[in-house]
Amino acid sequence: MGKRVYVETYGCQMNEHDSERMLRLLEDCHYSETNKPEEADLILINTCSVREKPEQKVYSALGRFKKLKEKRGTLIGVAGCVAQQEGNRLLSRVPYLDMVVGTDAIPLLPQLIGKIECSGEKSCETGINPERPYLTTPLPLRPFDKIKSYITIMQGCDHFCSFCIVPYVRGRQRSRSSQEIIEEVRHLARMGIKEVCLLGQNVNAYGKELEGELDFAELLLRINAIEGIERIRFTTSHPADLSEVLTRAFSDLDKLCEHIHVPFQSGSDRVLRKMRRGYTKSFYLEKVDHLRKTCPSIAITSDVIVGFPGEEEEDFKETLDLIQTVRFDDLFSFKYSPRKGTRAVQFDAQVEERVKQDRLATLQGIQKEITLQKNQVLEGSTQEVLAEGRSKQSDRDLTGRTRSNKVVNFEGDLNLTGTLVPVRITRAYPHSLRGEITDSEFTFGKGGSYGAI
Ligand code: SAM
Ligand code: SF4
């Protein structure tokens, strides 16, 4: 019998996809995935250090797995941002840890496993070479998820926002070659993937550091032409890199879904300057306006931070004003969390926890109403939904997403999985929509309108 690997993943889609890449590499070492740590021969904890207390989370996860090490000799590894940041410190603090796999070391995983299996030698790989191109993983033998797939198109980030750890743990921006990305999408299409989501910290800056490479809008155009792919998404975008051509792509490319996630972080110009975001509130509002004029059905989501050092009541009001002006479809809101090694940790006037908490609650209350109202606008419309399979709530329901990325549950036959289904929206909830299959025409999409409320 082959060996089993259990992977525990924290953080964003990029980390989820890195876990998929690790699983793919481990297939070649005869490891298959299990969701039960107690039957695993190898446990990997894939970590994130963007917010909160990531080191504590890792140490407590390691504590949970210590008994398995003693009982079964399970190999244990830590990967991702905390691995990158802590390196050898992790190995010396946790004697039963076998491997530390930094953010750039995923392709080396088979070698690291081989080393520990053959000689019992522990490994710590945390080098990031800015000159080295993005290291790819062999193409999947079969899709991990039969309908949708992530594709990482770039690593790292060049922006160095003062609050953010990413450039330190993921390195400078490194884009993959467009040829390689297009090959991967073709491969996924041949395996039946219908929707691809292009991933990167700042995807709309794709290719900037590579001479003669396609830019992001051109890359989308090429992917749009790949037969078999029905939908294209991407995340995350930076407002400063949101070009005119990219905005136009939302109305020009039939497969590009009408949704953009474009974090604004704060509505105060003073705070944006201290964050080193490289734009102002009015610049951001102009981008939103342009997106909606070019593609009226576009859904816009964003990220915001409250309680950044020096944020006064007036600054916070500017943030609320931006939220009420834009009326985002959804918003991911965070309390500022100091990150060791970033500039903002040194700033005076760190905001008290209680104030951060109050501001977060106020903001989330306002956004909750807006999200519900935005969803209610869709009641009575017919949406194109990509059916993804059975819903977790009911075995009669299918679940899927609209082009605008909203979850819809509706009754339907399992055979519809992987197809685009016209669904009439009957009821809106804060986090999802209810609908029924219909034979009427889609009323939203490229030609429809949205954002009127
Ligand atoms: N590259 C994207 C951008 O610039 O818009 C964001 C990527 S970041 C990994 C994801 C989100 O985490 C950010 O948009 C920000 O809102 C949040 N974040 C990052 N660092 C943070 C910190 N120190 N405290 C709180 N939230 C943070
Ligand atoms: Fe971090 Fe995004 Fe700023 Fe890059 S652009 S430093 S990933 S917040």
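Model, not experiment: these values are computed from the prediction.

The rules behind these values
Sequence positions are assigned chain by chain, starting from 1 and proceeding in written order. Here the convention is simple: chains get letters from A, ligands get numbers from 1, in the order in which they are written. For this predicted model, a pLDDT threshold of at least 70 governs which residues receive local features, and a threshold of 80 or more governs which side-chain atom pairs are given and counted, while totals over whole chains, interfaces and linings are taken from all residues. Excluded from the side-chain calculation are hydrogens and water; included are all heavy atoms of the structure. Nearness here has a simple test: a residue counts as near a molecule or strand if at least one of its heavy atoms is within 4 Å of that partner. Polar here means any residue other than Ala, Val, Leu, Ile, Met, Phe, Trp, Tyr, Cys and Pro, which are nonpolar, and Asp, Glu, Lys and Arg, which are charged; Gly is therefore polar. Any two strands with at least two DSSP-identified bridges between them are counted as paired. Runs of E in the DSSP output that reach at least two residues are strands. Runs of H or I that reach at least four are helices, and both are numbered from the N terminus. Lines fitted to the C-alpha atoms define the axes, with helices restricted to the stretch that makes contact. Angles between their N-to-C directions range from 0 to 180 degrees. Note on contacts: a residue pair qualifies if any of its non-hydrogen atoms lie within 4.5 Å across the two residues. For this analysis, a polar contact is any N or O atom pair within 3.5 Å, provided that within protein one partner can donate a hydrogen and the other can accept it, and provided that sequence-adjacent residues contribute only side-chain to side-chain pairs. Exposure was quantified through the Shrake-Rupley algorithm and a 1.4 Å probe, taking into account, for residues, occlusion by the shown protein chains and nothing else. Think of it in three bands: with a 1.4 Å probe and only protein chains considered, a residue is buried below 20% of the maximum accessible area for its type, exposed above 50%, and partly exposed in between.

Would you explain the site of ligand 2 in this entry?
Inspection of the region around ligand 2 gives Cys 157, His 159, Phe 160, Cys 161, Phe 163, Cys 164, Val 166, Pro 167, Gln 201, His 238 and Arg 277 as its neighbouring residues. Tallied by class, residues from the shell around ligand 2 come to seven nonpolar, three polar and one charged.

Please clarify how the sheet that holds strand β13 (residues 299–306) should be interpreted in this entry.
Adjacent strands of a sheet pair through backbone hydrogen bonds, lying either parallel or antiparallel. Spatial ordering of the open sheet is given by β12-β13-β14, a layout of three strands whose pairing is parallel. Edge positions in the sheet fall to β12 (259–261) and β14 (330–335), since each has one partner strand and no second. Between one strand axis and the next, the sheet turns by 10 degrees as a mean value, whatever way the strands run. Here β13 pairs with β14 via six bridges, running parallel. By the bridge assignment for β14, Thr 301 is matched with Asp 330. The strands that helix α13 (residues 353–376) touches are β13 and β14; relative to β14, the one it contacts most, it runs at about 175 degrees.

So what exactly am I meant to see when it comes to the site of ligand 1 here?
Taken together, 17 residues lie around ligand 1, and Arg 51, Gln 201, Gln 265, Asp 303 and Ser 337 are the ones closest in. In this structure, an oxygen atom belonging to ligand 1 sits 2.8 Å away from a side-chain N or O atom of Arg 277. Considering ligand 1 on its own, with 570 Å² of exposed area, one finds that the protein chains cover 93% of that surface. Elements represented by at least two residues in the shell around ligand 1 include exactly β13 and β14. Each residue belonging to the shell around ligand 1 can be placed in one class, and the counts come to seven nonpolar, five polar and five charged.

What is the right way to read the pairing of strand β3 (residues 42–47) from this model?
On a regular strand, each side chain points to the face opposite its neighbour's, so the side chains alternate between the two faces of the sheet. In terms of burial, β3 is largely enclosed, as six of its six residues are buried. Across the two faces of β3 the burial is the same, with Leu 42, Leu 44 and Asn 46 and Ile 43, Ile 45 and Thr 47 all buried. Summarising the sheet, strand β1 (residues 3–9) and β3 pair through five bridges and their orientation is parallel. Residue pairing in the sheet places Glu 8 in a bridge with Ile 45 of β3.

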